[in-house]
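# Inside the fold
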Amino acid sequence: MRVTVGVCKAAGVLVLCACLVLSAARGARAQPATTQVGNTARGRALLNAFRDSLPQYSGNRLRCTSCHLDEGTRANAMPWLNTAVRYPKYRSRRGAEETLTQRVNECVTRSLAGRALPENGSAMRDILAYLDSLGALPRPAAPDTVKLVGNVRHGGRVYATTCVRCHAVDGRGIAKLAPAVWGARSYSIGAGLSRQTVLATFVRANMPYDKATQLTAQDAADVAAYVLAKPRQDHPGKERDWPKGDPPMDVAYATNGARDAGKLLPPTRAVLPRRVSPIAPATVRTP
Ligand code: HEC
Ligand code: HEC
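Residues numbered from 1 in each chain as written. Chains lettered and ligands numbered in written order. Predicted model: local features only at pLDDT ≥ 70, side-chain atom pairs only at ≥ 80, totals over all residues.

### What about the site of ligand 2?
- Inspection of the region around ligand 2 gives 26 residues, with Ser66, Cys163, Cys166, Pro208 and Tyr209 positioned closest.
- Mapped by element, the contributors of at least two residues to the shell around ligand 2 are α8 (164–167) and α10 (217–228).
- Of all the elements, α8 adds the most residues to the shell around ligand 2, at 3 residues. (Near = placed C-beta within 6 Å. Helix = DSSP H or I, 4+ residues; strand = E, 2+ residues; numbered from the N terminus.)

### Comments concerning the site of ligand 1
- Every one of the 24 residues lining ligand 1 counts as a neighbour, but Cys64, Cys67, Cys107, Ser111 and Gly192 are closest to it.
- At the level of secondary structure, the elements contributing two or more residues to the shell around ligand 1 comprise α5 (100–110) and α6 (122–133).
- At 4 residues, the largest contribution of residues to the shell around ligand 1 is made by α5.
- When grouped by side-chain class, the residues that make up the shell around ligand 1 number 17 nonpolar, 5 polar and 2 charged. (Nonpolar A, V, L, I, M, F, W, Y, C, P; charged D, E, K, R; others polar.)

### Quick look at helix α7 (residues 152–162)
- Within α7, the full set of buried residues consists of Gly155, Val158 and Tyr159. The buried residues of α7 occupy one face: seen down the axis, they fall within an arc of 100 degrees. Among the exposed residues of α7, those pointing more than 90 degrees away from its buried face are Arg153 and Thr161. (Buried ≥ 20, exposed ≤ 12 C-beta atoms within 10 Å, placed from the backbone. Arc of directions from axis to C-beta.)

Now the structure itself:
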């Protein structure tokens, strides 16, 4: 696994270099400025090495493919298969229709705790090109959702016996082995994986990485509850999520919409300060 990640990174860097050389060559031949076709290979490289390639837009140590496993093709890990043709679509978290560009930036700002990419920049264009390349493939059936109530104390025991060897006692992950599952290096409280059912379903289907589907649904719910009881980065503006007052039961924070609808609000969770603003413009050149 150590080798796989290493090879992926090396391949990503190679592809990126090749692309830079290619685009330099193209520039020299003065392509018309109207060329809007994204570069699929560079898109894939960015998704595999987001932080290394776009450090000013990343707020943690994850990469897109830390969750969207096998470059977004693994059936049980939120695949990008058939995704591109499903947008724009209505999403209740926004309470409005969302474009694929906006959906990508939702994961940039929440799952990577980062800063939204410029909508018309080359990085976004290349990421969309890669997602487009998977758009015509059929969407596999999603794994059964794990909806059981989690027991934090027992989840701690599951974590110690099943997760610690890769994600570490303090949840910070181990370099070259596995990324952070909580703390400042992991995803923000506004991310989809911060919902217990989403995390438990992902973990049950995909973890431990080398021996997936060993966990019972109850163990997966318990370990998810344990992981989510730990602090992680904030997501400013999260109170404006689900503006129509219909947040799922396992959303970990209070929303204005739920308050206005007179719903029971979840207890306030301790969060870590946000490292990178989701919206502030980067001070460096637009990618
Ligand atoms: C911490 C885990 C995590 C990381 C890291 C992550 N995502 Fe996601 N992503 C999710 C989850 C969870 C969903 C919701 C899946 C669902 O709705 O079934 C999702 C959904 C998506 C979707 C919508 C898929 C669909 O079919 O509707 C896109 C596109 C996407 N992510 C792109 C990205 C990109 C690009 C990155 C990196 C910038 C990224 N994600 C990083 C967890 C993650
Ligand atoms: C053999 C090592 C290994 C074990 C054991 C393991 N994981 Fe992972 N985990 C990984 C790897 C590798 C990734 C994906 C990293 C990548 O490709 O960037 C990952 C990704 C994740 C992610 C999504 C990204 C993140 O950092 O949040 C979560 C959540 C996760 N693991 C939870 C768990 C839980 C809970 C357990 C115990 C039930 C567990 N893992 C056991 C190696 C492991």
